[in-house]
Amino acid sequence: MPLTPEQDAEIADLRATPRTTLRAVSEGAEQHLYVPKPVLDHGFVRMIDYMGDDAAICQAARVSYGRGTKSVQNDEGLIRYLMRHWHSTPFEMCELKLHVKLPVFVARQWIRHRTANVNEYSARYSILDREFYIPRTEDLAAQSSQNNQGRGDVLGPEESARVLDWLREDAHRAYDHYEQMISDEGQQGVARELARMNLPANIYTQWYWKVDLHNLFHFLRLRADSHAQYEIRVYADAICEMVKDWVPAAYRAFEEYRLGGVTLSASGVECLRRMLAGEEVTQETSGMSAREWREFNSQWIT
Ligand SMILES: Cc1cc2nc3c(=O)[nH]c(=O)nc-3n(C[C@H](O)[C@H](O)[C@H](O)COP(=O)(O)OP(=O)(O)OC[C@H]3O[C@@H](n4cnc5c(N)ncnc54)[C@H](O)[C@@H]3O)c2cc1C
């Protein structure tokens, strides 16, 4: 993820010029501001701006004139209550703006989260860098036989070496042709907006992404989950580290009721009641399909 010396200097410059403000300040978020957190081989995520803190959630919930803080303990209790009861609008009062550098195939999954504001690097205007995501051998796995949407065992060394060679060669060949197409030396040169269609989905793009805390938690709940694809999960994990410092009480409530919690269907609740009463319940007597039964059990059997 190396940044150019000019980019490093710009970041250092921003961090060297603090200003006084009347706005809510989160000390935890201040540590992260502007600093890129490396993700994958060339990607990063960095916090560009934030609005609000834990107290801002309570301030909105209480519609207060002041900071809305009663006591730290009281605030944490309120935040946990709001999270537990899906009272989500106070969380929308906090916002986070990120700068993300990510492979295009990850961006396609990410952009499905519509409740954010996005501005992407323009490959019509600018030339994309020769940077491609090439997985580490330990992340290069076969198709899962259990889950059509996932991966299974790590590839053996020979197959993995062959695949990695193809990934590198194909990406560089496509990029060579991209460069040749847009070149205006001895030819007209194809427009950048057209030539980019030749680039592979593992090339890196960048965007600014702004989202409120409620929708960010929804994103993190889905993408920091073990079922999410590894390549987006590592971004979600990096964002979790920032959110934990920015709004620690809200993050603790999120971990408690969303990340660490489980959702049960009506049949699931009924099965659990029967089990607690000492009955031995099987898939056949549960009223659930085989898949539902597997998912029901996988929530607490590790
Ligand atoms: C493990 C996993 C596998 C997936 N597989 C696939 C797949 O195979 N194919 C595929 O196409 N997608 C797939 N997705 C994407 C998924 O279907 C969602 O598009 C994505 O997770 C964004 O979720 P969202 O719509 O809730 O988020 P957001 O767009 O951020 O929306 C948040 C919430 O706002 C509301 N909302 C937003 N916009 C609208 C709207 N226009 N109308 C009504 N309500 C709205 C909804 O309540 C929504 O839940 C997958 C996602 C995951 C996590």
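Residues numbered from 1 in each chain as written. Predicted model: local features only at pLDDT ≥ 70, side-chain atom pairs only at ≥ 80, totals over all residues. Heavy atoms only, no water.

Draft legend 1. Fine view of the packing of aromatic side chains. Counted under the stated rule, the structure contains 13 aromatic pairs. Between W110 and F219, the aromatic rings sit 5.0 Å apart at their centres with planes inclined by 40°, giving tilted as the arrangement. Of the two residues, W110 is situated in helix 5 (residues 104–110) and F219 in helix 8 (residues 213–223); the sequence distance between them amounts to 109 residues. For the pair shown, W110 and F219 are each scored as buried. Between F217 and F254, the aromatic rings sit 4.3 Å apart at their centres with planes inclined by 15°, giving stacked as the arrangement. Of this pair, F217 sits in helix 8 while F254 sits in helix 10 (residues 248–259), and the two are 37 residues apart along the sequence. Since its relative accessible area comes to 5%, F217 is described here as buried. (Phe/Tyr/Trp six-rings, centres within 6.5 Å; stacked < 30°, edge-to-face > 60°. Helix = DSSP H or I, 4+ residues; strand = E, 2+ residues; numbered from the N terminus. Buried < 20%, exposed > 50% of the residue type's maximum accessible area, 1.4 Å probe, protein only.)

Draft legend 2. Just the domain arrangement of the protein chain, in detail. If you check the domain split of the protein chain, you get domain 1 (5–133 + 204–259), domain 2 (136–201) and domain 3 (266–300). Here domain 1 and domain 3 have C-alpha centroids that lie 37 Å from each other. (Domains from an automatic or database assignment.)

Draft legend 3. Main features of unusual backbone geometry. Backbone geometry at L40 places phi at a positive 55°, although glycine is not the residue there. On the secondary structure map, L40 appears in the loop between strand 1 (37–39) and strand 2 (43–51). Given the relative accessible area of 21%, L40 is considered partly exposed. Despite not being glycine, W86 shows a phi value in the positive range, around 55°. Within the secondary structure layout, W86 lies in the loop between helix 4 (72–84) and strand 3 (95–103).

Draft legend 4. Region of the structure containing the UniProt feature "active site" (unreviewed entry) in the protein chain. Within the UniProt annotation, "active site" (unreviewed entry) is assigned to R223. Within the secondary structure, R223 is located in helix 8. Contacts of R223, omitting those with residues within four sequence positions, involve Q109, H113, A228, I232, R233 and A236. (UniProt positions renumbered as here; feature names shortened; annotations may be inferred. Contact = heavy atoms within 4.5 Å.)

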